[in-house]
Structure formats: structure tokens, C-alpha cells
Amino acid sequence: MKHPRFFALATLVALGVAARFLPHPPNFSPVAALGLFAGAHFGDRRAAVAVPLLILSLSNLVLGFSALTPIVYGSFALIVWLGCALCGRATAAGVAFAALGSAVFFFVTTNFGVWAVGGLYPRTGAGLAACYVAALPFFRNTLASDLLYTAALFGTWRWLERHWPALATGAGR
């Protein structure tokens, strides 16, 4: 726990958490990027999954919970798994693909949840299609934030590892 890598990782996560409370457009959040990052860089997978779930839990104490909360939390937990696939081989293309994949996955699962759990759309194929079409403006924000925050987190971490080799995986462990 006293290793510099732990403190640097914790600092990056804390900065990401702080960004969740800054004013932002709907669905423009660092949570998916933090999930990808935690999956790729935390040695303990339970701790990695805890990152987005803790961020959501703490912020939802202020922002509120809904019937979709389990779907949203589950989506972010699975996004961590996508980040785990990057562990040890986080190329720029792989990270970009993971960010794109996390945005699409979140869009598909949560909007299916809106259609299935909520009463806004009829439970028909046309209702599901209408739900996805209505959510497209939110997808744009989700995609932009996932790409931006993921690039910032992974890029900053790569820079830090180059300038402080003690932060590299396994160094000093």
C-alpha cells in the first residue's frame, strides 16, 4: 500500500471522481474511463470493479437512485472486464477500441433497460427502436466522454510511468 504506484493510481482515480461532480452535459462522465483504467491497471480485480461502483454509489447519494441503477452499475462492472483485457498490452488502438466498445455497450444495455423497466416506451420492437433513437444525443456525449477521459487517463499514466519508472507494474513490489 505504500508503493508509489498505489498512490499515483489513487490520485488519478480521485481526480476522475472529482470530475464527476463538475458541471457537465448529460452522460459526459469519467466513470467508464475509470472502469477501463482500473481494469487495466489494478492488480486486484475486486478493487478494479469497486472503482466505478464506489464512484456511482457515492455520487448517487447526492444525485439519487432510480429503477435503472442496477443496470447502470452492472454495465460499469462489465466495462471493468473490458479494461482487464487491456492489462499489460494497452496500445493506443486497443485503448481507443475499448473506449468505443464501452460507450456502445453502455448505450445498448442502459437504453434497453429504459425500454424494459420504464414506462416511457411501448414494449414492442417499435418502442425499443424509438427508445434508442431518442437516446442518440446522450450517446454522443457518452462516446465523447469515454474517448476523452480514457485517452487522458491512459495517456497520463503512460507519461507518469516513463518519467517515474517506480510506477511501472511490478517495480518495487
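Residues numbered from 1 in each chain as written. Predicted model: local features only at pLDDT ≥ 70, side-chain atom pairs only at ≥ 80, totals over all residues. Heavy atoms only, no water.

Engineer: Mind showing me how you'd approach the environment of Phe 76 here?
Structural biologist: When you line up the elements, Phe 76 lands in helix H4 (residues 69-84). A residue is classified by how much of its surface remains accessible, and Phe 76, at 8% relative accessible area, is buried. In sequence terms Phe 76 and Leu 53 are 23 residues apart; their C-alpha atoms lie 7.4 Å from each other. With residues up to four places along the chain from it excluded, the contact list for Phe 76 reads Val 31, Ala 32, Pro 52, Leu 56 and Phe 106. (Helix = DSSP H or I, 4+ residues; strand = E, 2+ residues; numbered from the N terminus. Buried < 20%, exposed > 50% of the residue type's maximum accessible area, 1.4 Å probe, protein only. Contact = heavy atoms within 4.5 Å.)

Engineer: Just checking my understanding: could you explain the packing of helix H5 (residues 92-117) against helix H6 (residues 125-134) for this structure?
Structural biologist: Two quantities define a packed helix pair, namely the angle between the helix axes and the distance between the axes. Two elements in contact, H5 and H6, have axes whose closest approach is 9 Å; the angle formed by their N-to-C orientations is 125°. Here H5 is positioned oblique relative to H6, judged by the angle of their axes. Crossing geometry of H5 relative to H6 is assigned as right-handed. Facing Phe 107, Val 108, Asn 111, Phe 112, Val 114 and Trp 115 of H5, the residues of H6 in contact are Gly 127, Leu 128, Cys 131 and Tyr 132. (Axes fitted to C-alpha atoms, helices over the stretch in contact; angles between N-to-C directions. Parallel < 35°, antiparallel > 145°, perpendicular 65-115°, else oblique. Left-handed = near helix turned anticlockwise from the far one by under 90°.)

Just geometry here; none of it tells us what the structure is for.
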